[in-house]
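Fold and geometry: a report
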2 protein chains.
Amino acid sequence: MSPVKSRREQYSDETRAALLDAATRRFAEHGFAKTSLEDVATDIRATRGAVYHHFPNKTALFEAVFHELESEMIRRVTEVAAGETDPWQAAMSAVRQFLDGSCDPVYGRIVWQEAPIALGWRRWRECEEKYAYGLIEQTIQSLMESGDMPDLPLEPVSHITFHILGAAGMALAEAPPDEKTRVRDEYARAIRHILNGARLPRT
Amino acid sequence: MSPVKSRREQYSDETRAALLDAATRRFAEHGFAKTSLEDVATDIRATRGAVYHHFPNKTALFEAVFHELESEMIRRVTEVAAGETDPWQAAMSAVRQFLDGSCDPVYGRIVWQEAPIALGWRRWRECEEKYAYGLIEQTIQSLMESGDMPDLPLEPVSHITFHILGAAGMALAEAPPDEKTRVRDEYARAIRHILNGARLPRT
DNA sequence: ATACGAACATACACAGCGTATGTCTCCAAC
DNA sequence: GTTGGAGACATACGCTGTGTATGTTCGTAT
């Protein structure tokens, strides 16, 4: 399963990775609009030609960055949740892990602040179906099935939950580094309180 | 208080209003990025010169549109809330009125979808301080003071509430016209349930 | 009657994306 | 080992759209 790569292929992979890396930093620091592909290219001592060789356009490059960050986040969150047996506890751990991960300014800025701008709401939502939104929906559903939550329409509840977590993610992205833990704990409390309120007493 | 306007001033006011009107429709239909000032100008049989005479730049034109829509919404919401005596009832009526108003696709698209993109999150938030966010914060505070809500940190709670309402506003903006009332009612139920959960029993 | 300034139109500079084309170099086959 | 081909980039250009600088018209005050 490890097809020995040719020298050329290896070089190509490395520049692609370097492009992703540089783009990640640029997007996180200056935002999507104010990042020119020229900058990204020169960062790795290449030209825009290299960028357009590896990615069809600017938004595709951004999407690649987005996918990397988001899939890593999902991996960690599901890992933590899988460690719990009780559905409600699993959800709470997932939230906690999400808030922890959102303290990373790169993640917060790119996924919660820049992505909707860069991809547009619709496309962003489409992408998130695979990641956060999809995970939230299935978690909520399992909570409804286990009797932890009332049988409200799934769509609005997941959508609202998505935005509640988004609010926290954005707040954490904006918070100065030395206040992140305080902000994280405040939001954790507030979210826990809200979710507990929405909870049903187990029958 | 009605300083009789000169002919010139009247003409000027009219073109300004026409620009705002055309821009509103363009922004609502095609979004901020895909609306060129050329289009807006030709819509009212003028040139980009007129636009740049009345507004310093593209985002300023958008902000003007945004302010119009948002101040009108706030006017209606506060009006409705003022009709209630009980703080909690006032808040619920305000939510209801907000959801009603959000069924207008122009409002939803511009205020909740395009505004963060056009102005950037930070500026958007700054603008909203005057409108929705400010109103929410003071409402929450009054609910905490009246003992309807627990004394959690104000900032995260208002922020989250803001995003909960935003989720509803966006969903309504996206929903096809013939489903808007259904979606509105679903979100109304979900939000009511969430807020009721967060509520404290009156002492 | 005229001069001045507001309200717009016209013209230009510049940035940034996307695309078309060129060049180099690795690799394979003979 | 040289040659053909293709992948990996670089170079060059066109185009769109913003912002600005300059020109023109036309009310209005004096």
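Conventions and cut-offs
Residues numbered from 1 in each chain as written. Chains lettered and ligands numbered in written order. Predicted model: local features only at pLDDT ≥ 70, side-chain atom pairs only at ≥ 80, totals over all residues. Heavy atoms only, no water. Phe/Tyr/Trp six-rings, centres within 6.5 Å; stacked < 30°, edge-to-face > 60°. Helix = DSSP H or I, 4+ residues; strand = E, 2+ residues; numbered from the N terminus. Buried < 20%, exposed > 50% of the residue type's maximum accessible area, 1.4 Å probe, protein only. Domains from an automatic or database assignment. Contact = heavy atoms within 4.5 Å. Buried area = accessible area lost by both parts, 1.4 Å probe. Salt bridge = Lys/Arg side-chain N within 4 Å of Asp/Glu carboxyl O. Polar contact = N/O pair within 3.5 Å; in protein donor to acceptor, adjacent residues only side chain to side chain. Nonpolar A, V, L, I, M, F, W, Y, C, P; charged D, E, K, R; others polar. Least-squares fit on C-alpha atoms with pLDDT ≥ 70 in both.

**Looking at the packing of aromatic side chains**
Within this structure, the stated rule accounts for 20 aromatic pairs over all chains. Between Phe27 of chain A and Phe62 of chain A, the ring centres sit 5.1 Å apart and the planes meet at 65°, which makes this aromatic pair edge-to-face. Taken together, the residues Phe27 of chain A in helix 1 (residues 7-30) and Phe62 of chain A in helix 4 (residues 58-82) connect sequence positions 35 residues apart. Taken as a pair, Phe27 of chain A and Phe62 of chain A share a single burial class, namely buried. Ring geometry for Phe66 of chain B against Tyr131 of chain B: centres 6.4 Å apart, planes inclined by 70°, an arrangement best described as edge-to-face.

**Thoughts on the domain arrangement of chain A**
Quite often, the size of an interface is put as the accessible area lost when its parts meet. All names here are of chain A. Here chain A is partitioned into domain 1 (1-55) and domain 2 (58-198). Once you take the C-alpha centre of each, domain 1 and domain 2 turn out to be 28 Å apart. The interface of domain 1 with domain 2 comprises 14 residues on the first partner and 13 residues on the second. Buried area between domain 1 and domain 2, both sides added, is near 1300 Å², and the carbon and sulfur share of it is 78%. Inspection of the region where domain 1 meets domain 2 yields zero salt bridges. The interface formed by domain 1 and domain 2 contains five residue pairs in polar contact (both at pLDDT 80 or more). If one sorts the elements of the side of domain 1 that touches domain 2 by residue count, helix 1 sits on top with seven residues. Residue classes in the side of domain 1 that touches domain 2 are distributed as nine nonpolar, four polar and one charged.

**Here we look at the relation of the copies chain B and chain A**
If you rotate chain B by 180° and push it 0.1 Å along the axis, it lands on chain A with an RMSD of 0.1 Å. The transformation just described matches what one would write down for a two-fold rotation axis. Judged by C-alpha distance, Gly197 of chain B is the residue of chain B that lies nearest the rotation axis, at 1.8 Å. The overlap is high: 97% of the interface residues of chain B also sit at the interface in chain A, so the same surface is used on both sides.

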